[in-house]
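Here are the chains, one letter per residue:
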Amino acid sequence: MPEGYIPLAETVVYLSLALKSNSTYAAWHNVVREIKNSGPQPVPLHLRNATTRLQKEWGYGKDYQYPHNFTGAWVAQEYLPAEVVVRRFYQAKELGQEPRLAMWWKKRLNSSGPVPPKKKS
C-alpha cells in the first residue's frame, strides 16, 4: 500500500497547483439538469453486455467496436443515448490545459469523421 500513497499525493499536489476552471462543474450541472428534465436515458444497445442468448437476440453488444483494437485506441463510435447525442454538456474555457485538450478532441473528431449512423432493424 505505501506505493499507492505516492501517486495519490502527487495527484493532490498537481490538482492543488493546477489552474482552476469551473467547466467540469458546469458540465456536471448540465448533465444533472438534463436528467431531471428528460429522465434517465437507456444505454445504447451496442454498449450493453449480452450475458444471455435472449439479450444477444435483442442486439445487446451488436456492432460494438473495441477501441483498443484500433490505431491510437480510438474508434468513431457513439457512446451516448440517441436522445442526448446532440447535446453538449462540457464547454472548454481558455484556462490551463483546456484549450490544448479541446484542440486535441476537435482534431480527433475531424480525423475519424462523423460517427456512423445506427443501422435500422
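Note on numbering: residues in each chain are counted from 1, in written sequence order. Residues qualify for local features only when their pLDDT is at least 70, as the model is predicted, and side-chain atom pairs are given and counted only at 80 or more; totals for whole chains, interfaces and linings, by contrast, use all residues. Here the side-chain values reflect all heavy atoms present in the structure, with hydrogen atoms and water set aside.

Enquirer: Could you clarify how one ought to interpret the overall build of the protein in this entry?
Expert: Helix and strand definitions here come from DSSP, where helices need a minimum of 4 consecutive H or I residues and strands a minimum of 2 consecutive E residues; each element is numbered from the N-terminal end. Helix and strand content of the protein: 4 helices and 0 strands. Secondary structure elements of the protein occur, N-terminal to C-terminal, as α-α-α-α. In summary, the protein has a C-alpha radius of gyration of 19 Å against a globular reference of 14 Å for 121 residues, an excess of more than 25%. Burial status across the protein gives 15% buried among its 121 residues. The criterion used for residue contact is that any of the two residues' heavy atoms lie within 4.5 Å. For the protein, contacts bridging at least 24 residues in sequence account for 60% of all contacts bridging at least 6. Residue burial considers only the protein chains on display, and all accessible areas are found by Shrake-Rupley using a 1.4 Å probe. For the protein, the exposed area adds up to about 10100 Å²; of that, 62% sits on carbon and sulfur atoms. When charges are tallied, Lys and Arg are placed among the positive residues and Asp and Glu among the negative ones, while His and the ends of the chain are skipped. To locate a charge, take NZ of a lysine, CZ of an arginine, CG of an aspartate or CD of a glutamate. For the protein, the centre of its 17 positive side-chain charges and the centre of its 9 negative side-chain charges are spaced 6 Å apart. With C-alpha atoms as the basis for the radius of gyration, the globule rule is written as 2.2 Å multiplied by the number of residues raised to the power 0.38. Buried, partly exposed and exposed residues are distinguished by accessible area as a fraction of the type maximum, computed with a 1.4 Å probe on protein chains only: under 20%, between the cut-offs, and over 50%, respectively.

Enquirer: Could you clarify how one ought to interpret the environment of A27 in this entry?
Expert: With respect to the helices and strands, the residue A27 is situated in helix α2 (residues 23-38). Put simply, A27 and A92 are 65 residues apart on the chain and 9.6 Å apart in space, counted from C-alpha to C-alpha. Ignoring anything within four residues of it in the chain, the contact list for A27 reads F89 and Y90.

Enquirer: When you look at α2 in this model, what are you seeing that I'm missing?
Expert: Because an α-helix packs 3.6 residues into every turn, residues spaced three or four apart end up facing the same way. The end-to-end C-alpha distance of α2, which contains 16 residues, comes to 22 Å, matching closely the 22 Å that a straight helix rising 1.5 Å per residue would cover. Residues of α2 that are buried: S23, A27, N30 and E34. Take α2 and look down its axis: the buried residues cluster within an arc of 55°, on one side only. The exposed set on the far side of α2, more than 90 degrees from its buried face, consists of Y25, W28 and K36. Just past α2, the residue G39 takes up positive phi, approximately 80°. By definition here, a helix of n residues has an expected span of 1.5 Å times n minus one. When we speak of the arc, we mean the arc of directions from the helix axis to the C-beta atoms.

Enquirer: Would you mind showing me how to read the environment of V43 here?
Expert: Residue position: V43 is located in the loop between α2 and α3 (53-58). Among the residues examined, V43 registers a relative accessible area of 45% and is labelled partly exposed. Separated by 39 residues in sequence, V43 and A82 place their C-alpha atoms 9.1 Å apart.

Enquirer: Any chance you could explain a nonpolar patch on the surface here in plain terms?
Expert: Residues enter a patch when their relative accessible area is above 30% and they make no salt bridge; the linking distance is 9 Å between like charges and 5 Å between nonpolar side chains (Val, Leu, Ile, Met, Phe, Trp, Tyr). When a carboxyl oxygen of Asp or Glu lies within 4 Å of a side-chain nitrogen of Lys or Arg, that pair is called a salt bridge. Together, Y64, Y66 and Y79 give the surface a local cluster of nonpolar side chains, amounting to about 320 Å² of exposed area. Here Y79 is to be found in the loop between α3 and α4 (98-112). Its relative accessible area of 40% is what places Y79 among the partly exposed residues.

Enquirer: It is not clear to me how the confidence of the model for the protein should be interpreted in this structure. Could you clarify?
Expert: One rule of thumb: low pLDDT means the predicted coordinates there are not for detailed reading. Residue-level confidence of the predictor, termed pLDDT, takes values from 0 up to 100. On average, residues of the protein score 88 in pLDDT, and 91% of them are at 70 or above. Averaged pLDDT values over the elements of the protein bottom out at 86 in α4 and peak at 97 in α3. Predicted confidence for residues 117-121 stays below pLDDT 50, and this span has 4 contacts to residues more than four positions away or in other chains.

Enquirer: Explain the packing of aromatic side chains to me, please; I cannot follow it from the model alone.
Expert: The geometry of two aromatic rings is summed up by the distance between their centres and the angle between their planes. Note on aromatic contacts: the rings of Phe and Tyr and the six-membered ring of Trp form a pair at centre separations within 6.5 Å, being stacked when their planes are under 30 degrees apart, edge-to-face when over 60 apart, and tilted otherwise. Counted under the stated rule, the structure contains 3 aromatic pairs. Ring geometry for W74 versus W105: centroids 5.4 Å apart, planes at 90°, classification edge-to-face. Of this pair, W74 sits in the loop between α3 and α4 while W105 sits in helix α4, placing them 31 residues apart in sequence. Note on W104 and W105: the rings are 6.2 Å apart at their centroids and 35° apart in plane angle, and the pair reads as tilted. Residue class for W104 comes out partly exposed when judged on its relative accessible area of 46%.

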